[in-house]
Amino acid sequence: MRLHGTMRVNPLSHLEIGGCDCKTLAKDFGTPLYIMDEQLIRENCRSFAKAFSNHYSDIEIVYAGKAFLTTAMVRIVQSEGLSLDVVSGGELYTAKSAGFPMERIYFHGNNKTPEEMTMGLELGIGHFVVDNPTELEMLDAKASSMGIKQKVLIRVSPGITANTHHYIQTGQLDSKFGFPLYRDSAFMAVKGVLDSRSLVFDGLHCHIGSQITDVNAFPPAAQTMLRLASRIREELRAEVNILNLGGGFGIDYTGEDGSLSVADFSAPITATVKEALEEYRLPPPRLAVEPGRYIVGNAGTTLYTVGSVKDIPEVRKFVFVDGGMSDNPRPALYHAKYRAAVANRMVKTCDEKVTVAGKCCESGDILVKDIYLPEIKSGDLLAVLSTGAYNYSMASNYNRLPRPAVVLVKGGRAHLIVKRESYEDVIRNDVIPERLK
Ligand code: LLP
């Protein structure tokens, strides 16, 4: 089995991540436990920047915080010199609390609330990515009333249907995100910014979807955006200073998703950008990309303790773990597939076919279906790999399960970066009205 980053099997045949034995991590921090490999996160940040900078000089790597964001993660992103994409007041607050430079923030989202807009304006964030006409108007009015000139990008839906799960396609015409090209909506939005009182047009943004493994999906988006940039230049006499092509760079979850490196994405994208710049005779904009999953996906592992094992002879053997769709809703939401290993017995022979299910009251709470593992028993530790993206960030308290802790491992040391929720945390915001007392 391919192990990511600093993962290895130690002489005790235990899975080790960042020099930390998973058995010790389970003992020290409990399970379920999210384990994040700091070295791999940093390597992913660097390889991303390098793969794009190799082909294009003015590159900005914007980490998409929705994949995994905590104050410690913000510190890593900051120290690696990346910018940050936030989509809510909560993500912005996380960034601010960790001391992230506000000028390196891009504020996304299709329905920013008035409060979120005010917060972004007050904090002096670098860019709002304006998603629709209502927002354009509201943001302009707010910025004007606050006496602020605010730089914005216009989010365009470029009419491209990426080959990925329907729920994570975003570039097609029928999308809730962005101004379509259809009926000149995107073009008119740029004009709207140029005519606005307080918004400053700084460029264009698109994001065609997530977990895209077809490297040929991105170049048409780049081409389309630069065609629009050319029209903006000719007809509106405005420059696209920043071309942000979004994220979506797929990773290998199962060993069958194709092992893509960033270079596989960066080469065709930058080649297309350069060709289009020449074709349209445009000055080169800053090229921004927004990886989320690629930075953290394979750097995360979830460690569970096996509880009951239920064998339905000739039908299925279920292995139940102490978490489930509450800490990883992705299999239930997108039929996402994962690999797993018995972390306290990393042996080669895996000859028992089992289905790993969670403890939530839901038949769809299956984490890994039909996987071959060594014979497994109650008390074993099960590691589900590649859970770094959209697991912690999408975790819930379904069934009133406290959310797991997150530890950051590096060089044989493990640091808690998110505490495990307690039962008190679970009822913290509950209120019993007087009449029920
Ligand atoms: N930029 C924008 C504007 C986005 O909407 C997204 C993801 C990204 C960047 C980062 O995409 P990434 O590089 O991580 O694919 N919960 C889903 C994924 C939703 C993605 C939403 N937007 C999942 O678990 O697969």
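Residues numbered from 1 in each chain as written. Predicted model: local features only at pLDDT ≥ 70, side-chain atom pairs only at ≥ 80, totals over all residues. Heavy atoms only, no water.

Draft legend 1. Structural view of the overall build of the protein. Summing up its helical and strand segments, the protein has twelve helices and 21 strands in all. The C-alpha radius of gyration computed for the protein amounts to 23 Å, which stays within 12% of the reference 22 Å derived for 437 residues, consistent with globular compactness. Judged by the C-alpha coordinates and their principal axes, the protein covers about 70 × 60 × 40 Å. Counting the 437 residues in the protein, one finds 56% classified as buried. (Helix = DSSP H or I, 4+ residues; strand = E, 2+ residues; numbered from the N terminus. Rg over C-alpha atoms; globule rule 2.2 N^0.38 Å. Buried < 20%, exposed > 50% of the residue type's maximum accessible area, 1.4 Å probe, protein only.)

Draft legend 2. Local environment of the packing of aromatic side chains. For the coordinates displayed, the defined rule picks out twelve aromatic pairs. Consider the rings of Phe107 and Phe128, whose centres lie 5.5 Å apart with planes at 20°: the pair is stacked. One end of the pair, Phe107, is in strand S7 (residues 105-107); the other, Phe128, is in strand S8 (residues 127-130), and 21 residues separate them in sequence. For the pair formed by Phe107 and Phe128, the shared burial category is buried. (Phe/Tyr/Trp six-rings, centres within 6.5 Å; stacked < 30°, edge-to-face > 60°.)

Draft legend 3. Inspection of the site of the ligand at higher detail. Around the ligand, the structure places 21 residues, and the nearest of them are Ser210, Glu290, Arg293, Arg330 and Tyr390. Taking Asp85, its side chain carries an N or O atom lying 3.4 Å from a nitrogen atom of the ligand. Gly292 is positioned with one of its backbone polar atoms (N or O) 3.0 Å from an oxygen atom of the ligand. Expressed as a share of its isolated accessible area of 580 Å², the protein-covered part of the ligand is 91%. Residue composition of the shell around the ligand, grouped by class: seven nonpolar, eight polar and six charged. If you count residues domain by domain, the shell around the ligand takes at least three from each of domain 1 (8-30 + 299-426) and domain 2 (38-295). (Near = heavy atom within 4 Å. Polar contact = N/O pair within 3.5 Å; in protein donor to acceptor, adjacent residues only side chain to side chain. Areas by Shrake-Rupley, 256 points an atom, 1.4 Å probe, with all protein chains shown as cover. Nonpolar A, V, L, I, M, F, W, Y, C, P; charged D, E, K, R; others polar. Domains from an automatic or database assignment.)

Draft legend 4. Molecular detail of the sheet that holds strand S1 (residues 8-9). Ordered in space as S1-S2-S3, the three strands form an open sheet in which the pairing is antiparallel. Among the strands making up the open sheet, the edge pair consists of S1 and strand S3 (20-21). As defined by bridge partners, S1 adjoins strand S2 (residues 15-17) across two bridges and the pair is classed as antiparallel. Note that in S2 the partner of Arg8 across the bridge is Glu16. (Pairing = 2+ DSSP bridges.)

Draft legend 5. A look at empty space enclosed by the protein. What the rule picks out here adds up to one cavity of 30 Å³ or more. Here the largest cavity defines a volume of roughly 40 Å³. If you go around the largest cavity, the residues you meet are Leu226, Ala229, Arg233, Ala238, Glu239, Val240, Leu277, Leu282, Pro283 and Pro285. Ranked by the residues each element gives to the lining of the largest cavity, the list is headed by helix H8 (residues 218-236), at three residues. Here the lining of the largest cavity is built from residues that sort into eight nonpolar, no polar and two charged. (1 Å grid on protein atoms, 1.4 Å probe; cavity = no way out; pocket = protein on both sides within 12 Å on 5 of 7 lines; lining within 4 Å. Points joined across faces, edges and corners; volume = space filled by probe spheres on them.)

Draft legend 6. Spotlight on the pattern of salt bridges. In total, this model carries 22 salt bridges according to the counting rule given. As a salt-bridge pair, Arg231 and Glu235 come within 3.0 Å of each other at their nearest N and O atoms. Separated by four residues within a single helix, Arg231 and Glu235 lie in helix H8, roughly one turn from each other. Residue Arg231 is classed as partly exposed on the basis of its relative accessible area of 26%. Its relative accessible area of 48% is what places Glu235 among the partly exposed residues. Here Asp380 ties to Lys377 by a salt bridge, and the two come within 3.9 Å at their closest N and O atoms. (Salt bridge = Lys/Arg side-chain N within 4 Å of Asp/Glu carboxyl O.)

Draft legend 7. Representation of the packing of helix H4 (residues 89-97) against helix H5 (residues 114-123) within the structure. Closest axis-to-axis distance for the H4/H5 pair is 10 Å, and the angle between their directions is 25°. When the interaxial angle is binned, H4 and H5 end up roughly parallel. The element H4 and its partner H5 pack so that their crossing is left-handed. Residues Gly89, Leu92, Tyr93 and Lys96 of H4 touch H5, and the partners they reach there are Glu116, Met119, Gly120 and Leu123. Looking at side-chain class alone, the contact of H4 with H5 contains four nonpolar, two polar and two charged residues. (Axes fitted to C-alpha atoms, helices over the stretch in contact; angles between N-to-C directions. Parallel < 35°, antiparallel > 145°, perpendicular 65-115°, else oblique. Left-handed = near helix turned anticlockwise from the far one by under 90°. Contact = heavy atoms within 4.5 Å.)

Draft legend 8. Examining unusual backbone geometry more closely. Here the residue pair Thr31 and Pro32 is connected by a cis peptide bond, since its omega of -10° sits within 30 degrees of zero. Position of Pro32 among the secondary structure elements: in the loop between helix H1 (22-29) and strand S4 (33-37). Within the chain, Ser13 stands out as a residue other than glycine whose phi angle is a positive 65°. Structurally, Ser13 can be placed in the loop between S1 and S2.

Draft legend 9. Looking closely at the environment of Glu278. In this structure, Glu278 sits in helix H9 (residues 262-280). As a C-alpha pair, Glu278 and Arg293 span 15 residues in sequence and 32 Å in three-dimensional space.

Draft legend 10. Focus on the pairing of strand S5 (residues 59-64). With six of six residues buried, S5 is to be regarded as a mostly interior element. Across the two faces of S5 the burial is the same, with Ile59, Ile61 and Tyr63 and Glu60, Val62 and Ala64 all buried. Sheet topology note: the S5/strand S13 (residues 286-289) ladder contains three bridges and is parallel. Each bridged residue has a counterpart across the sheet, and for Glu60 the counterpart in S13 is Ala288. Where S5 lies against strand S6 (residues 83-86), three bridges are found, and the strand directions are parallel. Bridge assignment links Tyr63 to a residue of S6, and that residue is Leu84. Taken together, S5, helix H3 (residues 71-79) and S6 form a β-α-β motif whose crossover is right-handed. (Right-handed = clockwise from strand over helix to strand, strands pointing away.)

Draft legend 11. Structural view of the domain arrangement of the protein. Examined at the domain level, the protein breaks down into domain 1 (8-30 + 299-426) and domain 2 (38-295). Placing a centre on the C-alpha atoms of domain 1 and another on those of domain 2 gives a separation of 33 Å. Across the contact, 20 residues belong to domain 1 and 20 residues belong to domain 2. Here domain 1 meets domain 2 over a buried area of about 1800 Å², counting both sides, of which 65% is carbon and sulfur. The interface formed by domain 1 and domain 2 contains five residue pairs in polar contact (both at pLDDT 80 or more). Sorting the residues of the side of domain 1 that touches domain 2 by element identifies helix H11 (330-334), strand S20 (405-410) and strand S21 (413-418) as the ones contributing at least two each. (Buried area = accessible area lost by both parts, 1.4 Å probe.)

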